[in-house]
Amino acid sequence: MRTVLREFPPMFEHIPPYAGDPILSLNEAFQKDPRPHKVNLSIGLYFDEQGRIPMPASVAEAERRVVARAGSRPYLPMEGAANFRAAVQELLFGGSAALQEKRIATIQGVGSSGGLRVGADFLRAHFPASPIYLSTPTWDNHRAVFEGAGLEVRAYPYYDASTGGLDFAGLLAALEAAPARSVVLLHACCHNPTGVDLSAAQWHELAVLLKRRELLAFLDLAYQGYGDGLQEDLLGVKALLDAGLLFFLANSFSKNMSVYGERCGALSVVCESAEAAERVLGQLKFTIRRNYSNPPTHGGQLVATVLLEADLRAQWEQEVTQMRQRIQSMRRRLHEVLSQKLPGRDFGYFLSQRGMFSYTGLSAEQAERLKTEHAVYILRSGRMCVAGLNEGNVQAVAEAMATVLG
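Here the structure is a predicted model, which is why all the values come from computation and not from measurement. (Residues numbered from 1 in each chain as written. Predicted model: local features only at pLDDT ≥ 70, side-chain atom pairs only at ≥ 80, totals over all residues. Heavy atoms only, no water.)

With respect to the packing of aromatic side chains
Then step 1. Going through the model one piece at a time under the given rule, you end up with 11 aromatic pairs.
Then step 2. Both rings, one in Tyr 159 and one in Tyr 359, keep their centres 4.8 Å apart while their planes meet at 85°; by these two values the pair is edge-to-face. Here the residue Tyr 159 occupies a position in strand β5 (residues 159-160), and Tyr 359 occupies one in strand β11 (residues 357-359), the gap between them amounting to 200 residues.
Then step 3. A relative accessible area of 18% means that Tyr 159 is categorised as buried.
Then step 4. If you follow Arg 290 out to its NZ or CZ, it ends over the ring of Phe 286, 4.3 Å from the centre. (Phe/Tyr/Trp six-rings, centres within 6.5 Å; stacked < 30°, edge-to-face > 60°. Helix = DSSP H or I, 4+ residues; strand = E, 2+ residues; numbered from the N terminus. Buried < 20%, exposed > 50% of the residue type's maximum accessible area, 1.4 Å probe, protein only. Lys NZ or Arg CZ within 6 Å of the ring centre and 35° of its normal.)

Listed below in structure tokens is the structure:
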């Protein structure tokens, strides 16, 4: 008897195509561009004066030491390596009452993106009715991470296009109206994508509002050291600690140690008591177990070695200073050339904005012209990565920008 096979519709026919990440897609287009004078100012990577991703000498030496003493590679605990977690806490919260009283729960994350997602899953499980407020604009993936975890995402004003600075009044008004126990995502320093940060006085005023309105802050610290300094860039963290606030903090070592592919980051939660911190840590571990079980070993030990061994720590701090100063010099050079080419226009925002990124003020159409006519790649939002500039290309980039702005 002949067997008749039943025809079924294609199993995955209903799956839509992925539109692609706007930053990574633009970077792929740059790689395919055959023009030899092309300049990539799109992706958030630090490049040195030769246009290369550097390996800091401190990290290279840390790797030699880690490899020399390497043995078996058992699984790490769900929360990560103890020395890494202790080093992160000391870097971010050293000297605080919260650290001394053991009120901080810290996990080793898969980059700060992993920390954001673990935090998002924790919030969805334990604060299911709380919306999360994101700045307008923010890093594109913030919305994807928190929406993907099932949280309701709302927005608060941040960037003032008319001044190239901060809409602080709009920020305060929006958060004043937020329901109690709402979560507020804040960029701890070097705001991505705008480069616009809060002043010390503004952080203090914001901390007072957060406490009075019973709002839960979630800080993202991806660029520590690129603003004013490793300690100076903890201005917001210290303001919240001084106000006695409880908050989340995701941080990354991708940029300031140039260990992008190692995915080295952490998530810390400042709690009301040591007992609460233990319970929070337990639930973070449970969240991790359901996701990736435990973090990788190698990158975390590079970070821990740099932070904990005095000679490497001193060398690393000096290297971060050099990276920051190079970025600042490119800001000054860009401002100088643009001011010469377009006299009467105010480009002071390039000097007041901080960190790797700047909002250039270019429209999507002008950004497209930069790419097609001048082989200069920035995002359609107008965001540029200042760290992609060097003495060999900054003049040409500034002249191209002046052309499309003029």
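After presenting the structure, the write-up continues.
Focus on unusual backbone geometry
Then step 1. Of note, the bond from Thr 136 into Pro 137 is cis; its omega dihedral lies within 30 degrees of zero at 5°.
Then step 2. By the secondary structure assignment, Pro 137 is in the loop between β3 (132-136) and α6 (140-148).
Then step 3. Here the bond from Asn 192 into Pro 193 is cis, since omega is 25°, no more than 30 degrees from zero.
Then step 4. Within the fold, Pro 193 resides in the loop between β7 (183-187) and α8 (200-212).
Then step 5. Phi is positive for Cys 190, close to 50°, though the residue is something other than glycine.

Side note on the pairing of β7
Consecutive side chains of a regular strand alternate in pointing toward one face of the sheet and then the other.
Then step 1. With five of five residues buried, β7 lies mostly within the body of the structure.
Then step 2. Side chains of β7 alternate between two faces, with Val 183, Leu 185 and His 187 and Val 184 and Leu 186 buried alike.
Then step 3. Judged from the two bridges that link them, β3 and β7 form a sheet pairing that is parallel. Looking across to β7, one finds that Tyr 133 is bridged to Val 184.
Then step 4. Strand direction decides the pairing type here: β7 and strand β8 (residues 216-221), joined by five bridges, are parallel. Bridge pairing in β8 places His 187 opposite Asp 220. (Pairing = 2+ DSSP bridges.)

Fair warning: the whole summary comes from geometry, so function is off the table for now.
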